[in-house]
Amino acid sequence: MIQDQLTHRIIDDLAEKGWSVSNNYFEPDFLDDLIAEEKELWEDGSFRKARIGTGDQKQLRPEIRSDHVLWLGENELTDLQKQYWNRIVELREDINRELYLGLNGYEAHFAVFPPNSFYKKHLDQFAAVKERTISCILYLNKNWAVEDGGQLRIWNSENESDGFLDIQPHFGTFVCFRSDTVYHEVLPANRDRFSLTGWMRKNTRLV
Ligand code: OGA
Ligand code: MN
């Protein structure tokens, strides 16, 4: 019931303003397990430098983004990753039911922004490939302080004079926003910043 109410608020926020921030969408025990798994993969050296673009156009552009990512393979998810994936797919189906978006896919990666890394202002939908529709980010950082930087800055429009909202990447904070219209950036972090980022997609071809 509570969960239903949280889901409804996310959907209403997406419809009304294009973004939504929740603080208790996932159980603390589940979040503890997720951050333990992400840290272990990070320490193992399983991540690689994030690229921008799509398909053959993917490039390293450290002046635009300097985080490291580990993509989840839909067919090789751990039990924990599967639980997260299933929760997002449930949310996606609820969004479809209410907003008629026809979303039919999902992709996700763990991300780490080490000290001094950032991601400059951008949209998540590519000009040529419009499949990413709703961006969903779960932050996994305990005891994050404002001085640690790494805020997600959501701009009110492409025009910076319209202002912005900064979101701290606190443990359990879950942010969803429209991939096609919401300009956002990640401010430089001063300590390792952990998250799990994904996109609900409207696939126009089989992937
Ligand atoms: C992205 C992105 C924001 C964040 O990966 O496209 O904008 O807060 N991430 O990690
Ligand atoms: Mn983004």
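Structure first, text after, so check above.
About the thresholds
Residues numbered from 1 in each chain as written. Chains lettered and ligands numbered in written order. Predicted model: local features only at pLDDT ≥ 70, side-chain atom pairs only at ≥ 80, totals over all residues. Heavy atoms only, no water. Helix = DSSP H or I, 4+ residues; strand = E, 2+ residues; numbered from the N terminus. Expected span 1.5 Å × (residues − 1). Buried < 20%, exposed > 50% of the residue type's maximum accessible area, 1.4 Å probe, protein only. Arc of directions from axis to C-beta. Contact = heavy atoms within 4.5 Å. Pairing = 2+ DSSP bridges. Axes fitted to C-alpha atoms, helices over the stretch in contact; angles between N-to-C directions.

1. Here's the deal with helix α2 (residues 28–43)
The first and last C-alpha atoms of α2 sit 22 Å apart over 16 residues, in line with the 22 Å expected at 1.5 Å per residue. Among the residues of α2, F30, L31, L34, I35, E37, E38 and L41 are the ones counted as buried. Seen end-on, α2 carries its buried residues on one side only, within an arc spanning 160°. Among the exposed residues of α2, those oriented more than 90 degrees off its buried face are P28, D29, E40 and E43. On the buried face of α2, the contacting elements are β3 (68–71), α3 (79–99), β4 (105–113), β6 (132–139) and β11 (193–201).

2. Comments concerning unusual backbone geometry
One non-glycine residue, Y100, lies in positive phi territory at about 55°. Tracing the backbone shows Y100 in the loop between α3 and β4. The exposure class assigned to Y100 is exposed, which follows from its relative accessible area of 71%. A positive phi angle is found at N143, which is not glycine, with a value near 55°. Looking at the element boundaries, N143 is found in the loop between β6 and β7 (152–155). A residue is classified by how much of its surface remains accessible, and N143, at 72% relative accessible area, is exposed.

3. Side note on the sheet that holds strand β5 (residues 119–122)
With antiparallel pairing, the four strands of this open sheet are ordered in space as β5-β10-β7-β8. The open sheet has two edge strands, β5 and β8 (164–167), and neither has a second partner. The sheet shows a mean angle of 15° between the axes of neighbouring strands, direction not considered. Pairing geometry for β7 and β8, over four bridges, is antiparallel. Looking at β8, one finds that I154 is bridged to L165.

That is the geometry; function is a separate question.
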